[in-house]
Amino acid sequence: MDMLEEKMNGGPSMEIIDDVVSVHDHEAFAAKHLPELGHDVKDFQVYTWRLTNWKKLEKKITSPEFECGGHKWRILLFPFGNSNAPPNDTVSVYLDYAEPKKSPEGWHACAQFALVISNIHDPTIYTVSHAHHRFIAEECDWGFTRFSELRKLFNIQDGHLRPTIEEESADVTVYVRVLEDPTGVLWHNFVNYDSKKETGYVGLKNQGATCYMNSLLQSLYCTRYFRKAVYQIPTEDEHPTESVSLALQRVFYHLQTSDQPVGTTELTKSFGWKSNDSFYQHDVQEFNRVLQDNLESKMKGTEAEGAIAKLFVGKMKSYVKCVNVDYESSKSEEFKDIQLNVKGMKNLYESFRYYVAEETLEGENKYQAEGFGLQDAKKGIIFESFPPVLHLQLKRFEYDIQRDAMIKINDRHEFPFEIDLAEFIDEASPVRSESWLYRLCGVLVHSGDVNGGHYFALIKPDRETRWLKFDDDRVTPVTDREVLEENYGGEPLNGHLYPMQRNQLRTMKRFTNAYMLVYVRDAMIDEVLAPFKEEDTPTHLKRRLDEERLQLEAKRREREEQHLFLTARVITDDTFAHYEGFDLATFDDKNWPQSELPTFRVLKQEPYSVFKSRVAAHFDLPENKVRLWVLVNRQNKTVRPDAPIPDNEPSLTVEVIRNSMAARQNDLRLYLDVLADPSKPDPPPGYIMVFLKHFDTSKQTLYGVGKVYVSRNSKVQDLHPLINERMRWTPGTPLRLYEEIKPSMIELMKPKLTFAQSEIQDGDIICFQVEQAEKELHDLETQGLYSNPIHFYDFLQNRVMIFFRPKLEEPDSDHPEFHIVLSKKHNYDTMSQRAGEYLRHDPIKLRFTTTHAANGTPKAVLKRSLNQSIADFMGSSYVNPTTTVILYEKLDVSIVELETKRSLKIVWTGIHNREEASYPFLLPKTSMIHDLADHLAKVVTLTPGGTGKIRVFEISKDGKTQREFTGSEMIGNIPEPVELYAEEISKEESEASEMDKVINVFHFHKEVSRTHGVPFRFVVKPQEKFADTKKRLQARLGVSDKEFSKFKFALMQATTFKQPSYIEDEDTIYDHKFAPEDSLGLEHVDRSGKGRLGAGEKAIVIRG
């Protein structure tokens, strides 16, 4: 019985007291109790079923059938509650789909309904509950298990004159709205949903936080001209994890041909990303640019050269045009996308108009026109052409100066299915008269806030195909409303929602909105989105991937047939001789290290004689020399050989052996016993097979040395001559023998007892060592070595492999990645000592940080403690209990000093705004910033005759301004982590007059958000032309004429959200009324490779 509790269906049952509405007034009742859900109604019906003799009704009854929306329905009633509710206590009532088995396969019906029990004499006395549900074969009834308590229905409630059930009679009414489901997925639970079958497309798997990448890749894939161009890049001789081009081709081919979601791990590996890079959400615009730059370089000299520019590149012109004289200064630039403001803009047209809006230069801000002097002028941007595929970035994320943080703009911003951009084309452009009608083909959506969230794409792949939602691994059809209205942002406009639902919608809608729009020029849609043909796919790619698919298919069949097979793993004397651990080998995945054993995949029904022949052939042995023993799990949790497999039963199969000799095991574990004399396959009666291990105190090793057969009645000391002979030791060499009973129980054996008295049996293990003098044993122990097998076995039981990685640097020769095997019982100092030996660094100057087992990210700095064992700081790990990752830092000071002092690094940029060096300091936590500046002054070279003053500062998160310290801050109070910078204060700034202005200057490349370098302060002077200002800027930066000639200069106004205003030589920037946050931007190439992004962001690098 499918059911829905009241809380999940729009609220509990309601006894109606005020706003009295009759059950018979269908229109008014539906308006009150069936809230508007925003879907078109296909049909609406009301059905009433009168019941009498309530107390004599059956436990389960159904009403006559009625029709609504082309489906037959009925009411399903449990007058005294169904089996899932307390009996005789409640009424359970459901809407039931009448004939699910007679309906066509895959049927469904989306219905909103209200179930009502009312008084037969007074229809204003009733109890009602409403719900909505997608009725399918697996969920063909839906409603309320605890619709109402029976006593409330039989008794008069407050405000009523009658009970709901009177004279043991009542009307049960159902209001049903069957809703239109144009997409076919309304309220779908997506169990067994098939994207390919429903839409013809498949999704992309999310690697952790790669939904931003998935949404862009699907948009690029559906841009078929782009897909064809990517396919034209030659990749026959490349490897997918090293070639971005090939990896992207493979993703696209899988999207074309697969019926399952496609993985992108190969692609991100080709970018040079590590696994944890997949857990960073990057900016889609930045990712798109870096990816396209990479592909563009690969397309040079190929058939695809120029394809990206042809698709995505348009031209814009920035100009200054005099009002009263015939003079214009202009500059044309290419663009691949346009960033449009959302804040304060009602729709896309307004954003475009704001983008091209002219600024008037007049009064104090007149323009210096060459040959005409100061003139009133208009300054602006106009488009000369738009590309066939227009990527519009809606500026949903921006920097908030007050918070010094990025914020998300969730304002409502409307965009249309088609937009005519002709009005934004320059009237002088030769293409002005062409059609510039664009059709919306993609909407990339972000749901969440600036710190994270989810990305998905809405795409219309061509003129004929409907809009589809690409949400990671799922692709579903969507309505026009889902494309536009639901992604405008802001508040929902539907005023009919009842309170609970309205609040839910507001929460969802406010944070879900479009951040990138893809428009395709109508005149070029048929070329850009042309149908994809078989020959468009490279034959080498098809051949390569079809071969891989066949291999995967073979592996899949192997998995499906796995139940017909079992695995047999074979221990040999050779594997035993190379094994260091408990038993004869390790079989449990949890134990480490794993044993590399010869493995056979065997049909369960294979006769043992055939299997034995295969084993003999594999080891190149005569069949009559091979005897196989079955290993079993003993009660003490050891795994030992138990009995040999009989050779004289021809009907014996591998499965019978497993079931009879190794019960409760999935696979067979065998020991290969090579017989010395095949004519005597069995040892004499009363003999047992015992395995030997040698513990070498000098090498600190424990390895197997084969097996021996001993009589049960012989004495333990009788083994001594056999061992000495096997080891080629001097006869009479004194030995000590131990029995390996189980990992935690290693016992010294008594030499004069017999093997029977010592309870030794087939498959037992005896460990031996050469007896040594007490002094020798003591010397071993003082060196931290193990003097006997008992202690060594304890180490084996507790050994762990610790992987050390540098915390702050990429691994290199000075900061290598390495591993050390230790015991969980070792303490901090032992670990530190061993790591220090490896790194050749003083152990007390190493600082360690634990990591999260799931992703290897830093967790907590380890405090030095003599009592703390490695087991304590490993904690409980469900990933792998025998390994852990520790991050290390090589410090210049001891960790003891760090308790009272603060270690800080400060980057010195000198007088020329260059990152000259990084200086470490270890100062008492009570020191002030001015103390830090004093220490810095002693190690840096200040300008002779300069101010001698140093400014210490941080950089704002957007990379555009300094955040200067006053000098009186205590360094212990500065939050971690911190990046500190210092510069020499220039004489020009120090001696600036009251008339001068000191402004912020920062560096960027192409986009204002792509800042780099270190921002600095600069003095601007009254009436100084920018040509002269530039000379002082060049001197301040100390760059060559050649390099400085490539710089561009832009005025950034924090109060407006327009593009940067580029400055000409004749401008006087002093005349600009600088707000505190306004700044001067220097646009030039970042040669440092240390670009900055917004808070929490990580620069995108694609290397392959």
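Residues numbered from 1 in each chain as written. Predicted model: local features only at pLDDT ≥ 70, side-chain atom pairs only at ≥ 80, totals over all residues. Heavy atoms only, no water.

What about the sheet that holds strand β40 (residues 858–861)?
To keep it simple, the criterion reads: Two strands make a pair as long as DSSP finds a minimum of two bridges between them. Only DSSP runs of H or I reaching four residues or more are called helices, and only runs of E reaching two or more are called strands; each is numbered from the N terminus. Here, axes are lines fitted to C-alpha atoms. For helices the fit covers the stretch in contact, and angles between N-to-C directions go from 0 to 180 degrees.
Across the sheet, five strands lie side by side as β38-β37-β41-β39-β40; this open sheet has mixed pairing. Strands at the two margins of the open sheet, each flanked by one partner only, are β38 (818–823) and β40. Across the sheet, the mean angle from the axis of one strand to that of its neighbour is 35°, orientation sign disregarded. Judged from the six bridges that link them, strand β37 (residues 799–806) and β38 form a sheet pairing that is antiparallel. The residue bridging Val800 from the neighbouring strand is Leu822, located in β38.

A look at the confidence of the model for the protein
Heads up, the condition is: Confidence scores per residue from the predictor, reported as pLDDT, run from 0 to 100. It only takes one pair of heavy atoms within 4.5 Å for two residues to be counted as in contact.
For the protein, per-residue confidence averages 87 on the pLDDT scale, and 91% of positions sit at 70 or higher. When the criterion is pLDDT under 50, residues 1–17 qualifies, and its contacts beyond four places in sequence or with other chains add up to 61 contacts. Segment residues 1093–1098: pLDDT under 50, and 11 contacts once partners within four positions in sequence are set aside and those in other chains are kept.

What about the side chain of Arg134?
For clarity, the cut-off: Contacts described as polar in this section are N or O atom pairs within 3.5 Å, which, within protein, must combine one atom able to donate a hydrogen with one able to accept it, while residues neighboring in sequence count only if both atoms come from side chains.
Structurally, the position occupied by Arg134 is in strand β8 (residues 126–135). Engagement of the side chain of Arg134 in a polar contact is seen with the backbone oxygen of Leu186, the distance being 2.7 Å. Those residues in contact with Arg134 that sit more than four places away from it in its chain are His108, Ala109, Cys110, Glu139, Asp181, Gly184, Val185, Leu186, Trp187 and His188.

Considering the pattern of salt bridges
Cut-off, in case you're wondering: The rule for a salt bridge is simple: a side-chain nitrogen of Lys or Arg has to be within 4 Å of a carboxyl oxygen of Asp or Glu. The cut-offs for exposure are 20% and 50% of the maximum accessible area for each residue type, with area from a 1.4 Å probe on protein chains only; residues under the lower value are buried, those over the upper are exposed, and the others partly exposed.
All chains considered together, the criterion is met by 58 salt bridges. Lys102 is the partner of Glu99 in a salt bridge, and the nearest nitrogen-oxygen pair spans 3.8 Å. Its relative accessible area of 25% is what places Glu99 among the partly exposed residues. Here Arg640 and Asp583 are joined by a salt bridge, their closest N and O atoms 2.9 Å apart. Of this pair, Arg640 sits in strand β30 (residues 639–644) while Asp583 sits in the loop between α15 (573–577) and β28 (599–603), and the two are 57 residues apart along the sequence. Residues joined by salt bridges that share partners form a network here, namely Asp583, Arg634, Arg640, Lys693, Glu740 and Asp764.

Focus on the pairing of strand β39 (residues 846–851)
Most of β39 is tucked away, with five of its six residues classed as buried. Taken together, the five bridges between β39 and strand β41 (residues 883–890) define a ladder with antiparallel strand orientation. Pairing of Phe848 across the sheet is with Tyr888, part of β41. Pairing geometry for β39 and β40, over two bridges, is antiparallel. When the sheet's bridge partners are listed, Thr851 is paired in β40 with Pro858. Counting the residues between successive antiparallel strands, the hairpin from β39 to β40 contains six residues, one of them, Gly856, with a positive phi of roughly 75°.

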